[in-house]
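# Summary of the model geometry
Listed below, chain by chain, are the residues.
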Amino acid sequence: MIIDKKNMVNPFKFPISASKLLPHKRPMLLLDKLVFCSTNFATGVTIIKQNNIFLLSNEVEEIIFIELMAQTYGAFQGYLALKNNLPIPEGFLVGVQDIQIKGQATCGDTLKVEVKHITSFHQFSLVLGKVFKNTKIIACGKIKLWAKN
C-alpha cells in the first residue's frame, strides 16, 4: 500500500474546528475554532452569528464571555487528549473569580479568546481567561473548571 503523505490531512494543524475538540453541540457550541496551543496556553476564535443564543437585539449577553473562556479551555484539553489518543474529556464550569467586563460584542464581531492554565488540584483547574474584540480586552478573569477523568 502506498501512502500519499502530501494529501494527508493533519488533524493537529491549526486552525482546528472546535466541534472536533468539544463535546458541545449547537446551539451551545459557541467557539468556532482553536487557533493556537502551547503547554499551558491556548487561543480560540469565534464570530458572533445571528443565531447565537446569547444574542439579544444586536448585542450578546455578557455571560457569553465566561462561556467562551470555558469552551476555549475545553477545546485546549480536547486537543491535548486527541494528541495523546485519549477520548475528549467532559467538563463543567464550576466557578468564576474576578471577572471584569470591559466592553460589548455585537452580531458579526470576531472575538479572540485566550486562556492560560494556572494550576490544577485533582480534577479541578484554575484558568485565566481574556476575550478580545480587535485588540481591546472586553472581558477577563479567572474560571474554575472540573473535568471528568
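Here's what I pulled together on the structure shown here. From a predicted model like this one, the values you see are computed outputs, not experimental measurements.

Rules used throughout
Residues numbered from 1 in each chain as written. Predicted model: local features only at pLDDT ≥ 70, side-chain atom pairs only at ≥ 80, totals over all residues. Heavy atoms only, no water. Helix = DSSP H or I, 4+ residues; strand = E, 2+ residues; numbered from the N terminus. Rg over C-alpha atoms; globule rule 2.2 N^0.38 Å. Buried < 20%, exposed > 50% of the residue type's maximum accessible area, 1.4 Å probe, protein only. Contact = heavy atoms within 4.5 Å. Areas by Shrake-Rupley, 256 points an atom, 1.4 Å probe, with all protein chains shown as cover. Salt bridge = Lys/Arg side-chain N within 4 Å of Asp/Glu carboxyl O. Phe/Tyr/Trp six-rings, centres within 6.5 Å; stacked < 30°, edge-to-face > 60°. Lys NZ or Arg CZ within 6 Å of the ring centre and 35° of its normal.

### Details of the overall build of the chain
- Within the chain, the secondary structure is distributed over one helix and nine strands.
- Put simply, the chain runs from its N terminus to its C terminus through helices and strands in the order β-β-β-β-β-α-β-β-β-β.
- The globule rule puts the C-alpha radius of gyration for 149 residues at 15 Å, and the 16 Å found for the chain is close to it.
- Looking at the 149 residues of the chain, the share that counts as buried comes to 38%.
- Expressed as a percentage of contacts within the chain between residues at least 6 apart in sequence, the contacts between residues at least 24 apart total 61%.
- Carbon and sulfur atoms make up 57% of the accessible area of the chain, which amounts to about 8900 Å² in all.

### Digging into the pattern of salt bridges
- Taken as a whole and judged by the stated rule, the model has four salt bridges.
- Salt bridges here are not isolated pairs; linked through shared partners, they connect Arg26, Asp32 and Lys49.

### A few points about the packing of aromatic side chains
- Counted by the stated rule, this structure contains four aromatic pairs.
- Relative to Trp146, the ring of Phe92 has its centre 5.8 Å away and its plane inclined at 20°; by these criteria the two rings are stacked. One end of the pair, Phe92, is in strand β6 (residues 91-101); the other, Trp146, is in strand β9 (residues 136-147), and 54 residues separate them in sequence.
- Accessibility expressed as a relative area gives 24% for Trp146, which makes it partly exposed.
- The ring of Phe132 is capped by Lys112, whose NZ or CZ atom sits 4.8 Å from the centre of that ring.

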